[in-house]
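Chain and residue survey
As a plain string of letters, each chain reads:
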Amino acid sequence: QVQLVESGGGLVQAGGSLRLSCAASGSIFIINGMGWYRQAPGKQRELVAGITSAGITNYADSVKGRFTISRDNAKKTVYLQMNSLKPEDTAVYYCAVRRGNQYDYWGQGTQVTVSS
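Residues numbered from 1 in each chain as written. Predicted model: local features only at pLDDT ≥ 70, side-chain atom pairs only at ≥ 80, totals over all residues. Heavy atoms only, no water.

Brief notes about the nonpolar core
- Within the largest apolar cluster, 29 residues are counted, with the highest numbers of intra-cluster contacts made by Trp-36, Val-48, Phe-67, Val-78, Leu-80, Met-82 and Tyr-93.
- Every element with two or more residues in this core is listed here: strand 1 (2-7), strand 3 (18-26), strand 4 (33-39), strand 5 (46-52), strand 7 (67-72), strand 8 (77-82), strand 9 (91-98) and strand 11 (110-115). (Core = buried A, V, L, I, M, F, W, Y, C linked by side-chain atoms within 4.5 Å. Buried < 20%, exposed > 50% of the residue type's maximum accessible area, 1.4 Å probe, protein only. Helix = DSSP H or I, 4+ residues; strand = E, 2+ residues; numbered from the N terminus.)

Okay, structure coming up:
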């Protein structure tokens, strides 16, 4: 069984910063990619950022230049540093990991609320 435990969400004013963390544990020995998704009320879940085992990153256009994804392979942990937060970044953020080409394990989600 694989568990993803997220932390770091909360309430912040516009322009502020938050750092999300997600640690994977259990029977997972190969992690190809790790990523963060988010889902705002009434909207579909969207990919925010992803990072491969080699450290190659990709970002949604809406967060480029403001968010940074990183990972610690030894700790099976992925981070999302979020700066210059905007009210439209308000959502539940989910971390995910993939062994192959598709994300197949998900965290429980952590709420990020940005007030104007």
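A short note on the pairing of strand 3
- Where strand 1 and strand 3 come together, 6 bridges link them in antiparallel fashion. Bridge pairing in strand 3 places Ser-7 opposite Ser-21.
- Pairing of strand 3 with strand 8, which is carried by 6 bridges, proceeds in the antiparallel orientation. Residue Arg-19 lies in a different strand from strand 8, and its bridge partner there is Gln-81. (Pairing = 2+ DSSP bridges.)

Details of the state of the cysteines
- By the definition in use, this model includes 1 disulfide.
- Between the sulfur atoms of Cys-22 and its disulfide partner Cys-95 the distance amounts to 1.9 Å. On the criterion of sequence distance, the pair formed by Cys-22 in strand 3 and Cys-95 in strand 9 is long-range, its members being 73 residues apart.
- Take Cys-22: its relative accessible area is 0%, and that puts it in the buried class.
- For Cys-95, a relative accessible area of 0% puts it in the buried group. (Disulfide = S-S within 2.5 Å.)

Some details on the sheet that holds strand 1
- Taking strand neighbours across the sheet as the criterion, the 4 strands line up as 1-3-8-7 in an open arrangement whose pairing is antiparallel. The sheet is open, and its two edges are formed by strand 1 and strand 7, each paired on a single side. On average, each strand axis in the sheet is tilted by 15° relative to the strand beside it, whichever way the strands run.
- One ladder, built from 6 bridges, connects strand 7 with strand 8; its direction is antiparallel. Opposite Phe-67, over in strand 8, you have Met-82 as the bridge partner. (Axes fitted to C-alpha atoms, helices over the stretch in contact; angles between N-to-C directions.)

Honestly, that's just the spatial picture; any functional story needs more than this.
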